Amino acid sequence: MSSSDPQPRFGQSVKGLLSDKVGSCSGDVIALTRQVLKGSRSQELLSQAARNMVIQEDAILHAEDSLRKMSIITTHLQYHVEHSKNLQDQLTHLLK
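What this report covers is the structure whose coordinates are included nearby.

Calculation criteria
- Residues numbered from 1 in each chain as written.
- Predicted model: local features only at pLDDT ≥ 70, side-chain atom pairs only at ≥ 80, totals over all residues.
- Heavy atoms only, no water.
- Helix = DSSP H or I, 4+ residues; strand = E, 2+ residues; numbered from the N terminus.
- Buried < 20%, exposed > 50% of the residue type's maximum accessible area, 1.4 Å probe, protein only.
- Areas by Shrake-Rupley, 256 points an atom, 1.4 Å probe, with all protein chains shown as cover.
- Salt bridge = Lys/Arg side-chain N within 4 Å of Asp/Glu carboxyl O.

**Considering the overall build of the chain**
Here is step 1 of the chain: Per the secondary structure count, the chain includes one helix and zero strands.
Here is step 2 of the chain: Looking at the 96 residues of the chain, the share that counts as buried comes to 0%.
Here is step 3 of the chain: Approximately 9,000 Å² of the chain is accessible, and the part contributed by carbon and sulfur atoms is 64%.

This is the structure we're talking about:
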């Protein structure tokens, strides 16, 4: 019986080691799957952020163009106000 005793222990220890190894590999596969999913989600978020930046850039360019046009209009209005004041002064001078 002494020759039969080591055999089951060896078989059991191999089964135990194999079971541990399979469990470890399963855990590694699960961790890898989570990382892949996390990376996929990160890529989606980066793509969305890039699209949002393009939209914002267009809005900023449009706002910049609008501000430039408003500046030109303001300059023209200031010119007209000055011209109106000059005409008013001339009219006041003529009516005296």
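**Focus on the pattern of salt bridges**
Here is step 1 of the chain: Considering all chains together, one arrives at three salt bridges under this definition.
Here is step 2 of the chain: Its salt-bridge partner being arginine 68, residue aspartate 65 comes within 2.6 Å of it at the nearest N-O pair. Of this pair, aspartate 65 and arginine 68 both sit in helix H1 (residues 6-95), three residues apart, which is roughly one turn of that helix.
Here is step 3 of the chain: With a relative accessible area of 28%, aspartate 65 lands in the partly exposed category.
Here is step 4 of the chain: Among the residues examined, arginine 68 registers a relative accessible area of 47% and is labelled partly exposed.
Here is step 5 of the chain: Across the pair lysine 69 and aspartate 65 runs a salt bridge whose closest N-O atoms are separated by 3.3 Å.

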